[in-house]
Amino acid sequence: MRHVISVLLENEPGALSRVVGLFSARGYNIETLTVAPTEDATLSRMTIATRGSDDVIEQITKHLNRLVEVVKVVDLTEGAHLERELMLIKVRAMGKEREEMKRMVDIFRGHIVDVTDKAYTIELTGDQQKLDAFIDAIDRTAILETVRTGICGVGRGERILKL
């Protein structure tokens, strides 16, 4: 089962590598990883998407909590949460393809952020399924380049990850 783990950790050199090293040393795979400072410049928030049984995720959580830099760990998939991912996708858009591609972008509530005479660069946000659905909906031969950020997640309502 896929889990989204949110980690609050000290914003200092080497903290990210220690978390990633913990995963690789134990043979756990990280599907996506996003990290950025929080409103408190001394802390960063890391969102990790990984797969594993409940027992494996419990072990990961215990190991993360043992790291000195880690302040708090929450498995977001244990409760109600929101997930979003950003994708920038550059597609070929020439002639009649331009209107069709623009229509698909509108259907998926995306934005064309760059236009050249031969290509569009499109910005899409949503859950992984939405972004995958866009890729499936367009002609794969039209895709020139794809960049995805990985999942960002937050608990719904009163559920927060803060000191």
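Anyway, here's the lowdown on the structure attached to this text.

Calculation criteria
- For every chain, the first residue of the written sequence is number 1, and numbering continues from 1 onward in sequence order.
- Side-chain atom pairs in this predicted model are given and counted only at pLDDT of 80 or more, local residue features only at pLDDT of at least 70, and totals for whole chains, interfaces and linings cover all residues.
- Neither water nor hydrogens contribute to the side-chain values; these are computed over all heavy atoms in the structure.
- Counting from the N terminus, the helices are DSSP H or I runs at least four residues long and the strands are E runs at least two residues long.
- The rule is simple: take the accessible area with a 1.4 Å probe, protein chains only, and divide by the maximum for that residue type; under 20% is buried, over 50% is exposed, in between is partly exposed.
- Two residues form a contact once any of their heavy atoms are found within 4.5 Å.
- What sets the accessible areas is the Shrake-Rupley method with a 1.4 Å probe; for residues, cover comes only from the shown protein chains.
- We count Lys and Arg on the positive side and Asp and Glu on the negative side, and we leave His and both chain ends out.
- For charged residues, the charge sits on one atom: NZ in Lys, CZ in Arg, CG in Asp, CD in Glu.
- Definition used in this section: a nonpolar core is a set of buried Ala, Val, Leu, Ile, Met, Phe, Trp, Tyr and Cys residues joined via side-chain atoms within 4.5 Å.
- For this document, the term salt bridge refers to a Lys or Arg side-chain nitrogen within 4 Å of an Asp or Glu carboxyl oxygen.
- Pairs of strands are assigned from DSSP output, requiring at least two bridges between the strands.
- Axis definition: a line fitted to C-alpha atoms, limited for helices to the stretch in contact. Angles are taken between N-to-C directions and run from 0 to 180 degrees.

Description of the overall build of the protein
Within the protein, the regular secondary structure consists of 4 helices and 9 strands. Projected onto its principal axes, the C-alpha coordinates of the protein cover approximately 55 × 35 × 35 Å. Taking all 163 residues of the protein together, the buried fraction comes to 39%. Partitioning the contacts of the protein with sequence separation of at least 6, the portion at a separation of at least 24 is 73%. Of the accessible surface of the protein, which amounts to about 9400 Å², a share of 52% is contributed by carbon and sulfur atoms. Where the 23 positive side-chain charges of the protein centre and where its 26 negative ones centre are 2 Å apart.

Looking at the environment of serine 17
Relative to the helices and strands, serine 17 is located in helix α1 (residues 15-25). For the pair formed by serine 17 and arginine 140, sequence separation is 123 residues and the distance between their alpha carbons is 35 Å.

Here's the deal with the nonpolar core
Note that soluble globular proteins tend to have their nonpolar side chains buried in a common cluster. Membership of the largest hydrophobic core comes to 16 residues, with the highest contact counts inside it found for Ile89, Met101, Ile122 and Phe134. Going through the elements one at a time, β5 (81-92), α3 (96-107), β7 (119-126) and α4 (128-137) are the ones with two or more residues in this core. Ignoring anything within four residues of it in the chain, the contact list for isoleucine 89 reads Tyr120, Thr121, Ile122, Phe134, Ile135, Ile138, Ile143, Glu145 and Thr146. Grouped together as the second largest cluster of nonpolar side chains are 15 residues, Leu22, Ile48, Leu67 and Val73 included.

A closer look at the environment of alanine 93
With respect to the helices, strands and loops of the structure, alanine 93 is situated in the loop between β5 and α3. You can call alanine 93 buried: its relative accessible area is 0%. Distance from alanine 93 to valine 115, taken between C-alpha atoms, is 8.9 Å for residues 22 residues apart in sequence. Excluding anything up to four places from it in sequence, alanine 93 contacts Arg98, Asp117, Lys118, Ala119 and Tyr120.

Focus on the pattern of salt bridges
Applying the stated rule across the entire model yields 11 salt bridges. Among the ionic pairs, glutamate 145 bridges to lysine 90, the shortest N-O distance being 3.7 Å. Here lysine 90 lies in strand β5 and glutamate 145 lies in strand β8 (residues 143-148), a separation of 55 residues in the sequence. On the basis of relative accessibility, which here comes to 43%, the residue glutamate 145 falls in the partly exposed class.

Thoughts on the sheet that holds strand β1 (residues 2-10)
Strand order in the open sheet made by the 4 strands is β2-β3-β1-β4, with antiparallel pairing throughout. In this open sheet, the two edge strands, each paired with only one partner strand, are β2 (32-37) and β4 (70-75). For this sheet, the mean inter-axis angle between neighbouring strands, taken without regard to orientation, is 15°. Bridge count between β2 and strand β3 (residues 43-51): 6 bridges; the pairing is antiparallel.

That's the geometry; what it means functionally is another story.
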